[in-house]
Amino acid sequence: MNRVDRQLLAPGAYQTYSITSPRDTSVAAACQQVGCAAWLHGWESKVDERTELGARQAQYIRTQSRRTFREQRTEAGLTVFRFASGQRCFAEHRTRPEVYVVRDGDWRGNPTGKTRTHTRPQDWVEDFGEHQLRLVDQQKEG
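How each quantity is defined
Residues numbered from 1 in each chain as written. Predicted model: local features only at pLDDT ≥ 70, side-chain atom pairs only at ≥ 80, totals over all residues. Heavy atoms only, no water. Pairing = 2+ DSSP bridges. Helix = DSSP H or I, 4+ residues; strand = E, 2+ residues; numbered from the N terminus. Axes fitted to C-alpha atoms, helices over the stretch in contact; angles between N-to-C directions. Contact = heavy atoms within 4.5 Å. Buried < 20%, exposed > 50% of the residue type's maximum accessible area, 1.4 Å probe, protein only.

### Examining the sheet that holds strand E4 (residues 69–73)
Move 1: An order of E3-E5-E4 is seen for the three strands of this open sheet, with the pairing classed as antiparallel. Each edge of the open sheet carries a strand with a single partner, namely strand E3 (43–47) and E4. Geometrically, the sheet is characterised by an average inter-axis angle of 20° between neighbouring strands, direction not taken into account.
Move 2: Sheet topology places E4 next to strand E5 (residues 79–83); five bridges connect them, and they run antiparallel. Residue pairing for E5: Arg70 is matched across the bridge by Arg82.
Move 3: Across the face of the sheet, helix H3 (residues 52–63) comes into contact with E3, E4 and E5 while running at roughly 35° to E5.

Next comes the structure, spelled out in structure tokens:
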């Protein structure tokens, strides 16, 4: 945590930007959000269609998976499905949600009680950047 040692202004003259994750909370996440290697590079699924499970897996991949793949057989009689990158894999990913908050005040308190929670990280970053530009402008004006 970064704090200015000597406070020049009252707490209400500051804004605090924070990103937090609620404890003990996880949510379902897309492959892209978690940096899934299969999503990044593609993957292979080897299926033995001579078994009941393998036949069901191959049927699902061909008719219901809604994923792009190429199919070939190995000498050992297995079916290899090669999936292109950039599509959802078959794993269920989970991640911790992030909360993007801007509040008036600093570590000493929030005298106005005003707090904003951004729903998208891009909005928080944009807000932060605009605030930094305002500070630069104010500093130039004296």
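### Regarding the pairing of E3
Move 1: Along E3, the buried face is formed by Trp43, Ser45 and Val47; none of Glu44 and Lys46, which line the opposite face, is buried.
Move 2: Bridge analysis of E3 against E5 gives five bridges, and the strand direction is antiparallel. The residue of E5 that forms the bridge with Trp43 is Phe83.

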